[in-house]
Amino acid sequence: MTQPQATIFFILAATMALFLWGRWRHDVVALGALLACVFTGLVPAEEAFAGFGHPAVITVACVLILSQGLQRSGAIDALTKWIVPASAGPLVTLTVLTALAAVLSGFMNNIGALALLMPVGIQVAVQQKLPPGRVLMPLAFGSILGGMTTLIGTPPNLIVSGFRAEAVGSSFAMFDFTPVGLAVAGAGIIFIALVGWRLVPSRERAGAEGFETGAYLTEARVPEKSRVVGKTLVEIGEALSKADAQVIALVRNDVKIPAPNPRRKLLAGDILLIEAEPEGLGEMLSTLELKLEEDKKEELREEKDKEDSKQAIRSDEIVLSELTILPNSQLEGRSASDVRLRTHYGINLLAVSRQGRRSTARLRSMLLRAGDVLLVQGAPTNVAQFAAETGCVPLAERELRLPDKRQAIIATAIMALAVLGAAFGLAPAAVAFAAGVLATMVLGVIPLRRIYDAIDLPVIVLLAALLPVAGALAATGAADLIAQLLMASVAQGSPVIALTLILIVTMVLSDFMNNAATAAVMCPVAIGSALQLGVSVDPFLMAVAVGASCAFLTPIGHQNNTLILGPGGFRFGDYWQLGLPLEIIVIIVGVPMILWVWPL
């Protein structure tokens, strides 16, 4: 092993460890890996940021914008209402919903497809009297499966296509992924619809209606004239038990008292940290004459913007809404007091639900995470604006809103023309979709001031930073070294075993790492393995594409898995019960299909 090879192995090991640790966002880790390669001389400084001009990166950014056009115009809402059956059994409904998620994910951002269908899925769960997770997990997995069916369905496919262009001189075409992807996705969806959804753990209490997001952690202040002043926690226990609530901490004079003595008497100004079910929260507060606690700093800010806040709150009726935080939302890593909901949006944050883990932190200082469910109060228009701008998904049933049918038709036509242009070779994929973005801007499908909000910058930085790192893995011969080791110790010269091994290793890494990062790391290894065996690189690259798109074992393997964590009431270990059989099916179906469509 040469020194450059040892260096790149060390950098990659540290990068993977940081990915798994999860302390820093993926793009931060990827940028650190790129700079480490530059400082150690593995990547020339003048080529460090060449990844930002890579066709795969440009295509991902353009597809995100075009997907946003489909969402904003209402085109997907219309399609959903038209396709999803109004009344059918669980088998038909789950099959249609999962298949629709897969189809949408083939041509738009996976997270966007799931976000659009989540409210529909929750409504279906209520109608079919199913735990929400038994609809949401099939929906999430269907959207992941659908991404592997086209070139633009998921970033790993674009990365794989880019590596093929470097290896053999031409990239994969728009629908080169479709035969294998469609077979694997079809088998997965059939399994999920017939058997798989029954394997999803039920996290709903018996007799509960609708869906359960778990107990909310909220704060309530004891007013001076409240009937509970002078009473002990034991004495108010009956009202708490009716609401299925409990006091987990008490704050007095800015000092938090965890697990307070039940005999402690309440004083005016005390703040109770209460864990309660959403259904009984309002009644409990009314019965005990408690007031939801508000951040005093927030109140001071509100006074400075009093007129705007009043006008916002008067704009419509006040409602309670539940929102789940999307991955890479602006809210991630920020506390409730940082958001300034009242002054900016005219809404109040009442409570936070984080299923699977109890937190005794003060509500206003709790750092929010992807998958958290927020209970907010405000005018529907203000709540909708907050959700759209900060990256949240409403969990209540939404009205179908088609603000402009003409724009919906235009957005659909633009996406279709871009896909056809790339599919028939009229222009490279990056150029075809960039032309679609230009048309979107000129025709006003998305307001110009909002056009770049659709781009998921952490994903763009991740891709652009890791591509040169993957190039260093190949240039130093480290990828060939890994390939030699795998071929000699495990595959023993068998191309079929080697192909299966590449698929399995990619799937395992994708369950714990970002799928785009996994594809960037595994592509050089796949190419090196094919060259060692003297066979075509195409089946090995296709194995990487399939494996990187099949992260079903953990909530961190794919952003869609994270998105359903809170609304489904899931725990970390709940995913493998459906995910493991599904990954086995992917291997059983995927390997023969790859060998048939892409011969060695």
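In this text, all values refer to a predicted model and were calculated from it rather than measured experimentally. (Residues numbered from 1 in each chain as written. Predicted model: local features only at pLDDT ≥ 70, side-chain atom pairs only at ≥ 80, totals over all residues. Heavy atoms only, no water.)

K.L.:
I'd like to hear about the overall build of the chain, residue by residue, with values.
P.N.:
Looking only at helices and strands, one finds 25 helices and nine strands in the chain. For the chain, with 600 residues in total, the buried portion stands at 55%. Of the contacts made within the chain by residues no fewer than 6 positions apart, 79% connect residues no fewer than 24 positions apart. As displayed, the chain has an accessible area near 25300 Å², and 60% of this comes from carbon and sulfur atoms. (Helix = DSSP H or I, 4+ residues; strand = E, 2+ residues; numbered from the N terminus. Buried < 20%, exposed > 50% of the residue type's maximum accessible area, 1.4 Å probe, protein only. Contact = heavy atoms within 4.5 Å. Areas by Shrake-Rupley, 256 points an atom, 1.4 Å probe, with all protein chains shown as cover.)

K.L.:
So what's going on with the packing of aromatic side chains? Which residues, and what values?
P.N.:
Overall, the coordinates contain four aromatic pairs when judged by the stated rule. Between F141 and F552, the ring centres sit 4.8 Å apart and the planes meet at 55°, which makes this aromatic pair tilted. With F141 in helix α7 (residues 133-146) and F552 in the loop between α23 (538-548) and α24 (559-563), the pair connects residues that are 411 residues apart, well separated along the chain. Per residue, the accessibility class of F141 equals that of F552, and both read buried. Aromatic side chains F172 and F177 sit 5.2 Å apart centroid to centroid with 65° between the ring planes, which places their arrangement in the edge-to-face category. No difference in accessibility class separates F172 from F177, as the two residues are buried. (Phe/Tyr/Trp six-rings, centres within 6.5 Å; stacked < 30°, edge-to-face > 60°.)

K.L.:
Which residues make up the side chain of N515, and what values go with them?
P.N.:
Mapping N515 onto the fold places it in helix α22 (residues 515-533). On the basis of relative accessibility, which here comes to 9%, the residue N515 falls in the buried class. Sequence-distant contacts of N515, that is, excluding residues within four places in its chain, are made with T154, P156, S510, A548 and H558.

K.L.:
Lay out the nonpolar core in plain terms, naming residues and giving numbers.
P.N.:
Ranked by internal contacts, the top residues of the largest apolar core, which has 148 residues, are I8, F141 and F433. Considering each element in turn, this core owes the most residues, 12 residues, to helix α19 (residues 457-475). Residues contacting F433, with those up to four places away along its chain left out, are T59, C62, V63, L66, I152, M174, M415, A418, V419 and A422. Grouped together as the second largest cluster of nonpolar side chains are 18 residues, A239, A245, L285 and L288 included. (Core = buried A, V, L, I, M, F, W, Y, C linked by side-chain atoms within 4.5 Å.)

K.L.:
Summarise helix α25 (residues 576-597); cite the residues concerned and give the values.
P.N.:
Taking 1.5 Å of rise per residue, 22 residues should cover 32 Å, and α25 covers 29 Å from first to last C-alpha, within 8% of that figure. The largest bend in α25 amounts to roughly 25° and is located at G590, with the proline P592 lying one to four residues further along. The secondary structure elements touched by the buried residues of α25 are α7, α9 (178-194), α21 (495-510) and α23. (Expected span 1.5 Å × (residues − 1). Bend = angle between axes of the 7 residues up to and from the residue.)

K.L.:
Break down the confidence of the model for the chain for me, citing the residues and quoting the values.
P.N.:
Here the chain averages 79 in pLDDT, and 85% of its residues register 70 or above. Low pLDDT (under 50) marks residues 205-213, which in the prediction has 29 contacts with non-local residues, meaning those over four places away or in another chain. Here residues 295-316 is a poorly scored stretch, pLDDT under 50, and it has 32 contacts once near neighbours within four places are set aside; other chains count. (pLDDT = per-residue confidence, 0-100.)

K.L.:
Give me the packing of helix α5 (residues 90-105) against α9: which residues, what numbers.
P.N.:
At a minimum axis distance of 9 Å, the contact between α5 and α9 shows a crossing angle of 150°. One way to sum up the angle between α5 and α9 is to call them roughly antiparallel. Read as a crossing pair, α5 and α9 show a hand that is right-handed. Contacts between α5 and α9 involve L91, T95, T98, A99 and A102 on the former and, on the latter, I189, A193 and L194. Each residue belonging to the contact of α5 with α9 can be placed in one class, and the counts come to six nonpolar, two polar and no charged. (Axes fitted to C-alpha atoms, helices over the stretch in contact; angles between N-to-C directions. Parallel < 35°, antiparallel > 145°, perpendicular 65-115°, else oblique. Left-handed = near helix turned anticlockwise from the far one by under 90°. Nonpolar A, V, L, I, M, F, W, Y, C, P; charged D, E, K, R; others polar.)

K.L.:
Tell me about the pairing of strand β2 (residues 246-252), and name the residues and values.
P.N.:
The buried fraction of β2 is high, at six of seven residues. In this sheet, strand β3 (residues 255-258) lies alongside β2 in antiparallel orientation, the contact comprising four bridges. Following the sheet pairing, V251 is matched in β3 by K256. As consecutive antiparallel partners, β2 and β3 are separated by two residues, and within that stretch N253 has a phi angle of approximately 55°, a positive value. (Pairing = 2+ DSSP bridges.)

K.L.:
Lay out the pairing of strand β8 (residues 373-378) in plain terms, naming residues and giving numbers.
P.N.:
Most of β8 sits inside the fold, with five of its six residues counted as buried. Strand direction decides the pairing type here: strand β7 (residues 348-353) and β8, joined by five bridges, are antiparallel. Looking at β8, one finds that V352 is bridged to L374.

K.L.:
Just give me the short version of the pattern of salt bridges, but keep the residues and values in it.
P.N.:
In the structure shown here, the tally under the stated rule is two salt bridges. One salt bridge in this structure joins R164 and D538, with 2.6 Å as the shortest N-O distance. Taken together, the residues R164 in helix α8 (residues 155-168) and D538 in helix α23 connect sequence positions 374 residues apart. You can call R164 buried: its relative accessible area is 12%. Two residues, D270 and R252, come together in a salt bridge whose shortest N-O distance is 2.6 Å. Taken together, the positions of D270 in the loop between β3 and β4 (271-276) and R252 in strand β2 put the pair 18 residues apart, joining distant regions of the chain. Since its relative accessible area comes to 18%, R252 is described here as buried. (Salt bridge = Lys/Arg side-chain N within 4 Å of Asp/Glu carboxyl O.)

K.L.:
Outline the environment of W596, supporting the account with residue identities and numerical values.
P.N.:
By secondary structure assignment, the location of W596 is in helix α25. Judged by relative accessible area, which is 66%, W596 ranks as exposed. Residues W596 and P539, spaced 57 residues apart in sequence, show a C-alpha to C-alpha distance of 9.4 Å.

K.L.:
I'd like a description of a nonpolar patch on the surface, backed by residues and values.
P.N.:
A contiguous nonpolar surface patch, about 510 Å² in accessible area, is contributed by L20, I504, V508, F512, I556 and F572. Following the sequence through the fold, I504 ends up in helix α21. (Patch = residues over 30% accessible without salt bridge, like charges linked within 9 Å, V, L, I, M, F, W, Y side chains within 5 Å.)

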